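Survey of secondary and tertiary structure
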Amino acid sequence: MSRTKRIFGTDGVRGTANVEPVTAETALKLGQAAAHVFKNLESESRGRGKHKIVIGKDTRLSGYMLENALSSGVLSMGVDVLFIGPLPTPGVAYVTRSLRADAGIVITASHNPYDDNGIKFFHADGYKLDDTIENRIEDLVFSGKIENIRPTAREIGKAVRIDDALGRYIEFAKSSFPRNLTLDGLRVVVDCAHGAAYKSTPCVLRELGAQVVVHGDHPDGSNINKDCGSMHPEHLCRLVRQHKAHLGMAHDGDADRVLLCDENGVLIDGDDILAILALERLASGTLSRNTVVTTIMSNVGLDAAIQSAGGKTVRTAVGDQNVLAAMLKDDLNFGGEQSGHIIVRDYATTGDGLIAALQILRVMKTRNKPLSELARCWTRYPQLLTNIVVREKKPLETLAGVSKLMAQAESDLKAQGGRVFLRYSGTEPKVRLLLEGRDAAVLERWNQKISRALKEELG
């Protein structure tokens, strides 16, 4: 029987920096608990010397505070710390594997505003934690048991900085692109969101031969995701048109996602990326079990395109961890989200915005086609997504007025092959309303009615 988690959410621990649970005090306890749990996991036992945990981060100012608190907790439990500095979340996962560490920790709030921060954990194999391990860490944090199992002074860990972590990730990312291809002749605009990829992504693209125009590569500790990156892709599209680029790519703060822009300045989202790569993999026989994993938020046109090509889709709840769980369950190698979390398990253990973009560039080069033409491989149903800030997250089924309107909208949209879906964000105080169908005017009408009711009851 599942229980309510106290600090772990849908993607690690997240909240306003210096407000519980994202405080130095709680980070220290998390470091202690995580160190104890990981070094005692029999399945991950290294059996060679001291245990070690990698700690990376994005570019938020509060990362310094949390980094030091976490490392103090880890060291106090007799586990060494390997600092790798600012690096994309998938980079931390890779370096954790590369350095044969017991675990990896990345300090980031991903696409959230600068004021927030968070803590994510990775197993030694680079995969995110399951509920069982998170529960064990939480229990140690809240029970106080950790106070009685600290080692003696002689066994305290030591901290070292790994200077070549960035280089390791750059070479890893480049290895996902065919050695017989280059990006010569391509002009690419990159928006790094003043986040963790501000060095790695431009470097990889340049080393592969592209002419790179970089935006959002001057982090100052407080400008991460601010009017830039994948949260504000309109700026990317403008820059692509301005520089007459062949492609644009925008990361979020920790670069585990990417949104693209074609040569005409048209946005290419995660569903487009999934369609292009899934159909290419179906044609080449490299799509495991001819199956793509995506979430309930993806456009139903994606299902139709993949099915017509002889493949199938598996839908999960929102969240890249749910996509990955479904992939692992059936040994599938490709999946992702409309938001731009794309998981290519042939190369990575988590969403990697850079590797996803490189796969699109590979298809562009091998087929000698612009991105706009590749994106015409499927037909998108009209879709309307609205985010509404809420005071509190009341159970949606208790909102009588909203429930009545949802039922009416579902009946109306189902007749035209559409759907309606409502859920709370797992990381922000928002409720997300999704409507999909063939008639955009009908979607807008229902959106106004349901949004109005949500604001009255929650907003």
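As a starting point, this report considers the structure included with it. Every value quoted in this text rests on a predicted model; they were computed, and no experiment measured them.

Looking now at the side chain of D272. Here D272 lies in helix α8 (residues 270–284). Since its relative accessible area comes to 7%, D272 is described here as buried.

Now for the packing of aromatic side chains. All chains considered together, the criterion is met by four aromatic pairs. With a centroid separation of 6.5 Å and 35 degrees between ring planes, the pair formed by F38 and F121 is classed as tilted. Within this pair, whereas F38 is found in helix α1 (residues 24–39), its partner F121 is found in strand β6 (residues 116–123), the two being separated by 83 residues in sequence. Ring plane angle 40 degrees and centroid distance 6.1 Å describe the contact between Y169 and F172, whose orientation is recorded as tilted. Here F172 and Y169 lie together in helix α5 (residues 165–174), a separation of three residues that amounts to about one turn.

Across the six residues that make up strand β18 (residues 419–424), a large majority, five, are buried. Two successive antiparallel strands, β18 and strand β19 (residues 430–436), enclose a turn made up of five residues.

Within helix α3 (residues 89–98), nine of the 10 residues are buried, which leaves it mostly tucked inside the rest of the structure. The set of residues buried in α3 consists of T89, P90, G91, V92, A93, Y94, V95, T96 and S98.

Moving on, we come to the sheet that holds strand β5 (residues 103–107). Overall, mixed pairing links the seven strands, which are arranged β1-β2-β6-β5-β3-β4-β7 in an open sheet. On the outer flanks of this sheet lie β1 (8–9) and β7 (159–161), each paired with one strand and no other. In the sheet, strand β2 (residues 12–16) pairs with β6 via four bridges, with the strands oriented antiparallel. Across the sheet, the residue bridging to G15 is N117, located in β6. Contacts from α1 reach β1, β2, β3 (52–57), β5 and β6, with the element oriented near 5 degrees to β6.

Let us look at the environment of A278. Structurally, A278 can be placed in helix α8. Here the alpha-carbon distance between A278 and V189, two residues 89 residues apart in the chain, equals 24 Å. Apart from the residues within four sequence positions on either side, A278 is in contact with L287, V292, I306 and F334.

Right, let's talk about the environment of G248 for a bit. Structurally, G248 can be placed in strand β10 (residues 247–251). With relative accessibility at 0%, the residue G248 sits in the buried group. Sequence spacing of G248 and V318 is 70 residues, and the spatial spacing of their C-alpha atoms is 26 Å. Contact partners of G248, with chain neighbours within four places excluded, come to V189, L236, V240, L259, L260 and C261.

All right, on to the packing of α1 against helix α4 (residues 131–143) then. For the pair α1 and α4, interaxial distance at closest approach is 9 Å and the crossing angle is 130 degrees. Considering their axes alone, α1 and α4 lie oblique with respect to each other. Once α1 is placed against α4, the crossing between them reads as right-handed. In this structure, α1 uses K29, L30, A33, A34, H36, V37 and F38 to contact α4, whose residues at the interface are I133, R136, I137, L140 and V141. Of the residues contributing to the contact of α1 with α4, the split by class is nine nonpolar, one polar and two charged.

Calculation notes
Residues numbered from 1 in each chain as written. Predicted model: local features only at pLDDT ≥ 70, side-chain atom pairs only at ≥ 80, totals over all residues. Heavy atoms only, no water. Helix = DSSP H or I, 4+ residues; strand = E, 2+ residues; numbered from the N terminus. Buried < 20%, exposed > 50% of the residue type's maximum accessible area, 1.4 Å probe, protein only. Phe/Tyr/Trp six-rings, centres within 6.5 Å; stacked < 30°, edge-to-face > 60°. Pairing = 2+ DSSP bridges. Contact = heavy atoms within 4.5 Å. Axes fitted to C-alpha atoms, helices over the stretch in contact; angles between N-to-C directions. Parallel < 35°, antiparallel > 145°, perpendicular 65-115°, else oblique. Left-handed = near helix turned anticlockwise from the far one by under 90°. Nonpolar A, V, L, I, M, F, W, Y, C, P; charged D, E, K, R; others polar.

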